[in-house]
Amino acid sequence: MSDNVYLGNPNLKRANVQIEFTPKQVQEYARCMEDPAYFIENYIKIVSIDEGLVPFDLYPFQRDMVQTFHTNRFSICKLPRQSGKSTTIISYLLHYCLFNSSVNVAILANKAAVARDLLGRLQLAYEHLPKWLQQGVMTWNKGSLELENGSKILASATSSSAVRGGSYNIIFLDEFAYVPNNIAEQFFSSVYPTISSGKTSKVMMVSTPHGMNMFYKMWNDAEHGRNSYVPIEVHWSEVPGRDEKWKQETIKNTSEQQFNVEFECEFLGSVNTLIAPAKLRTLSHNNPIKENAGLKVYEDPQPESGYVLVADVSRGITSDYSAFVVMDVSEIPYRQVAVYRDNEIKPMNFPQIIHRVASAYNLAYVMVEINDIGGQVADALQFDLEYDNMIMTTMHGRNGQMAGGGFSGKKAQLGVRTTKALKKVGCSNFKTLLESDKINIQDFDTIVELTTFISKGQSYESDEGATDDLVMCMVLFGWLTDQSYFKELTNMDIRKQLWRDKQELIDQDMAPFGFVLDGIHNEDGLTIGESIHEYGSTFAPVVHSNKEWLEDW
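Residues numbered from 1 in each chain as written. Predicted model: local features only at pLDDT ≥ 70, side-chain atom pairs only at ≥ 80, totals over all residues. Heavy atoms only, no water.

A cis amide bond links isoleucine 332 with the next residue in sequence, proline 333, at an omega value of 5°. Phi is positive for glutamate 386, close to 55°, though the residue is something other than glycine. Tracing the backbone through its elements, the reader meets glutamate 386 in the loop between α12 (374–384) and β19 (392–395). (Helix = DSSP H or I, 4+ residues; strand = E, 2+ residues; numbered from the N terminus.)

Here it is as structure tokens:
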């Protein structure tokens, strides 16, 4: 009998051992192959804290999870703590390896020790299977196992190199929300080719939320149908034994914030945020239509729209970001149509980026924050690049800074200087606009920063380890919206008059060349002459440059 066991382990069958099945075992084998939930409930054993080794009696939501894994390629699960989520998945993985030949499975966790622990639980369940259900063991260690049917399981930490070079039929990502963002992004850029190479390969992602990160983004995309993942959400009350009394006891022993994150599965990790948590939960990002070199475009420039670009400047030494947002201010709600963020761009190069984007967005009005070295950027835009649509500010005593479109007195300055008073007004205005649905935020990174933009003393700033560069652009925009100059810019009658004045100047400059009204129609069905009359000749060169810019960026 010892010749039939693997390395002296009586619970494991070695490879190439013949088993003679009884008719009942043949029926059971076929039923287990067809129904993974039946196999798990009848043959998988797990360790219970209170009872030791017991059969795995699936809860209804666990049975639904197994069915979802079995019938879909991509699954993402948001579950509370201690709900048996990992055990459910490794039980399904064991079924998959037993009843499929020559498949590769990767168990990946935020730490290698956690991944090996999950594999250990799978191995424990395997050891307690009847011999007629087992495949012979070829390799068996803490980091991997191989069965005689050619199936292999690997346990490793989630990293960009974890499964590089391999081809996997299933990748199980445990507690993916706890994988650092930079590692998570590198992982998907390197691992997705190993998944997409097959037509039946699966990704099973499961986690309890841990702030706004890659897991949040993928969950949010799944909920709104922006990716192929099937979302599975379980409420803590679906776990037997958890009721209101249990909830109150748990909160007393921990905290309400911890309960909301670990059991209510809320993504918000910070408290005392500028924006009310109820509003933050409703924010949903969109995928950019174009993305490259730090720039994300959510809406192309429209000829009839007016835009404002607000920029925040850093030193370009990776500690914080140089950033700007482009807002469509033609109508309310104001819309975030483009975002730029880069922590390596140098101040001497940043003006060219702003100039190029602002020019593409119909010569957008530009306001630069000039506290540190932002003044250099504003000066370069105005004097070196000769960009005219700069928003300036002047000091008006106790009234503080006021926005304007040109130099008016000795106290005029290019851009805006962030002071405590200005930031207070900006935060208040932005909060009111966002919570009353007067601003549409489309960018994922901006939403993430909003969840960690918290009260500190008498002001608001980013939580420890977080950034707030994009949020500060929105705060400055909030301040600008309350300025008389902004109201003039966004007043339709005044804006049309400004455009007519600008058109007259351009027409005068171009008068010697003239226009040929040849009756050729543009995409809107208007002739060139009608287009000039309808929109103003300023739009023709702008739209043309938009197209070239978006193609070249």
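Let's shift gears to a negative patch on the surface. Together, Asp379, Asp384, Glu386 and Asp388 make up a negatively charged patch on the protein surface. Overall, glutamate 386 belongs to the exposed group, its relative accessible area being 60%. (Patch = residues over 30% accessible without salt bridge, like charges linked within 9 Å, V, L, I, M, F, W, Y side chains within 5 Å. Areas by Shrake-Rupley, 256 points an atom, 1.4 Å probe, with all protein chains shown as cover. Salt bridge = Lys/Arg side-chain N within 4 Å of Asp/Glu carboxyl O. Lys, Arg positive; Asp, Glu negative; His and termini not counted. Charge placed at Lys NZ, Arg CZ, Asp CG, Glu CD. Buried < 20%, exposed > 50% of the residue type's maximum accessible area, 1.4 Å probe, protein only.)

To continue, consider a nonpolar patch on the surface. Side chains of Ile19, Phe21 and Val26 sit close together on the surface and give an oily, nonpolar patch of about 230 Å² of accessible area. Within the secondary structure layout, isoleucine 19 lies in the loop between β2 (9–13) and α1 (23–34). Classification of isoleucine 19 by relative accessible area gives partly exposed; the value is 32%.

Considering the arrangement of structural elements, one finds serine 83 in the loop between β5 (74–78) and α4 (85–98). Residue classification places serine 83 among the buried positions, given a relative accessible area of 3%.

Counted under the stated rule, the structure contains 25 aromatic pairs. Centroid distance phenylalanine 477 to phenylalanine 486: 5.9 Å. Interplanar angle 90°. Geometry classified as edge-to-face. Taken as a pair, phenylalanine 477 and phenylalanine 486 share a single burial class, namely buried. What links up through ring pairs into an aromatic cluster is the set Phe21, Tyr29, Phe39, Tyr43, Phe99 and Trp132. Residue placement shows arginine 31 over the ring face of tyrosine 38; its charged tip is 3.9 Å from the ring centre. (Phe/Tyr/Trp six-rings, centres within 6.5 Å; stacked < 30°, edge-to-face > 60°. Lys NZ or Arg CZ within 6 Å of the ring centre and 35° of its normal.)

Here we come to the environment of asparagine 491. As for its placement among the helices and strands, asparagine 491 is situated in the loop between α16 (484–490) and α17 (492–510). Sequence separation of asparagine 491 and serine 330 is 161 residues, and the distance between their C-alpha atoms is 8.6 Å.

All right, on to the packing of α1 against helix α2 (residues 36–43) then. At a minimum axis distance of 5 Å, the contact between α1 and α2 shows a crossing angle of 120°. In this view, α1 runs oblique relative to α2, as classed from their interaxial angle. Every residue of α2 that contacts α1 at Glu28, Arg31, Cys32 and Glu34 is listed here: Pro36, Tyr38, Phe39 and Tyr43. In terms of residue class, the contact of α1 with α2 is built from five nonpolar, no polar and three charged. (Axes fitted to C-alpha atoms, helices over the stretch in contact; angles between N-to-C directions. Parallel < 35°, antiparallel > 145°, perpendicular 65-115°, else oblique. Contact = heavy atoms within 4.5 Å. Nonpolar A, V, L, I, M, F, W, Y, C, P; charged D, E, K, R; others polar.)

Glancing now at the sheet that holds β19. Strand pairing in a sheet relies on backbone hydrogen bonds, with the paired strands running either antiparallel or parallel. Ordered in space as β20-β19-β21, the three strands form an open sheet in which the pairing is antiparallel. Bordering the open sheet on either side are β20 (401–404) and β21 (412–414), each of which pairs with just one other strand. Adjacent strand axes in the sheet meet at a mean angle of 35°, parallel and antiparallel pairs treated alike. Taken together, the three bridges between β19 and β21 define a ladder with antiparallel strand orientation. Residue pairing in the sheet places threonine 393 in a bridge with glutamine 413 of β21. (Pairing = 2+ DSSP bridges.)

What follows concerns the environment of glutamine 62. Looking at the secondary structure, you find glutamine 62 in helix α3 (residues 60–71). For glutamine 62, a relative accessible area of 2% puts it in the buried group. Contact partners of glutamine 62, with chain neighbours within four places excluded, come to Phe56, Asp57, Ser83, Gly84 and Thr88.

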